[in-house]
Amino acid sequence: MNLSTTIAGVKFPSCFMNASGALCMTREELLALGRSRAGAIVTKSMTVEPRSGNPEPRYYGFPGGSINSMGLPNLGYLAYAELIPELKQFGKPVIASIAGLCEDDFLTMARVINQANPDLIEVNLSCPNIPGKPQIAYDPVDSERLLKRVRPLIKVPMGVKLPPYFDPAHHAVMAEVIGRCGVDYLNLINSVGNGLVIDPKRETPVIKPKGGFGGLGGSLIKPVALANVRAFWKLLAGRIPIIGTGGVVQGIDAFEHVLCGASAVQVGTVLVEEGVGVFERMERELEAELSSRGGRLVEDYRGRLKEL
Ligand code: RRO
């Protein structure tokens, strides 16, 4: 069966790929993604300067999902710019994720990363874990200004990674911003920011940064992710392709994202837990799901949720 997909004119051999942040910071991790069945190689969100990130423990997995406050550990954009040509040799798309600590950082990175020619560039407006820095995409005015400044510097397709929104009015405002800024695809959603998981036995949070507050991922966020995929798919009338991220643990979860409007899905928490073998499992599971329904392509089901 063919699980390939196309996003903003770029062909992906499989609709499954890593979520930015999951096993994609070092050269070795990125090469392992290249060798795996992942349909793309997505980099860790990069900053201008290399960063070691927040103090540990900063990631915790539990049965329903995960919480993280990594704090943008990464090699710095110049290192990723150098790695991109090597990553492209795997013959699948390379998505470079950029996350500035201020607006000008996005422009600095966009210029240089664009020169390195990844297949797509993803502008991360939704990191929840930098102490004192709010998620940019929760401010539509800041988001629009930033996107309009960065857009002309990016010649490859430009995506935007958004945080979850919890009110239809916020979906509507951001969909209008996205529609005005030349965005080629959306990635929905980043982790659900500033949750708190505690260990009652020790009477402590499970992670150290920010008093234990961190971004939630995994199964428990799937309904939030699906709602955001669906809301933006409908508001943008299917004109802007969507990568669905959040709660993709089994093939059926990917199928649900597709029904809501996703063209591809990303795997975060369960990739960290299972390693790169997860892609083969997910492919098998989604193939079984599609063939049991008589469809052959992701395309056959995209956006086709039957509302009651
Ligand atoms: O590095 C992180 O703490 C992080 C980032 Br940049 C992000 O976009 N989402 C997330 O859950 N963690």
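Our subject is the structure that appears above.
Here's a quick rundown of the structure. Treat the numbers as computed from the prediction; the structure is a model and nothing was measured.

Calculation rules
Residues numbered from 1 in each chain as written. Predicted model: local features only at pLDDT ≥ 70, side-chain atom pairs only at ≥ 80, totals over all residues. Heavy atoms only, no water. Pairing = 2+ DSSP bridges. Helix = DSSP H or I, 4+ residues; strand = E, 2+ residues; numbered from the N terminus. Axes fitted to C-alpha atoms, helices over the stretch in contact; angles between N-to-C directions. Near = heavy atom within 4 Å. Polar contact = N/O pair within 3.5 Å; in protein donor to acceptor, adjacent residues only side chain to side chain. Areas by Shrake-Rupley, 256 points an atom, 1.4 Å probe, with all protein chains shown as cover. Nonpolar A, V, L, I, M, F, W, Y, C, P; charged D, E, K, R; others polar. Buried < 20%, exposed > 50% of the residue type's maximum accessible area, 1.4 Å probe, protein only. Right-handed = clockwise from strand over helix to strand, strands pointing away.

**A few points about the sheet that holds strand S6 (residues 65-68)**
The 4 strands are arranged S5-S6-S14-S11 in an open sheet whose pairing can be described as antiparallel. Single-partner strands in this sheet number two, and they are strand S5 (59-62) and strand S11 (192-196). Averaged over neighbouring strand pairs, the angle between their axes works out to 35° when direction is ignored. Examined bridge by bridge, S5 and S6 share 4 bridges and lie antiparallel to one another. Counterpart to Tyr 59 in the pairing with S6 is Asn 68.

**Some words on the site of the ligand**
The ligand sits among Lys 44, Asn 68, Met 70, Gly 71, Leu 72, Pro 73, Asn 124, Cys 127, Pro 128, Asn 129, Asn 190 and Ser 191. Here an oxygen atom of the ligand sits 2.7 Å away from a polar atom, N or O, in the side chain of Lys 44. In the environment of the ligand, an oxygen atom lies 2.9 Å from a nitrogen or oxygen atom belonging to the side chain of Asn 124. Bound to the protein, the ligand loses 92% of the 310 Å² it would expose on its own. Among the residues forming the shell around the ligand, the class breakdown is 5 nonpolar, 6 polar and 1 charged.

**What to know about the pairing of strand S10 (residues 185-188)**
The two faces of S10 match: Tyr 185 and Asn 187 on one face and Leu 186 and Leu 188 on the other face are all buried. In this structure, strand S9 (residues 158-162) lies alongside S10, joined through 4 bridges in parallel fashion. From the neighbouring strand, Gly 159 faces S10, where its bridge partner is Tyr 185. For the handedness criterion, the β-α-β arrangement of S9, helix H5 (residues 168-180) and S10 is classed as right-handed. In terms of strand pairing, S10 meets strand S15 (residues 242-245) through 3 bridges, oriented parallel.

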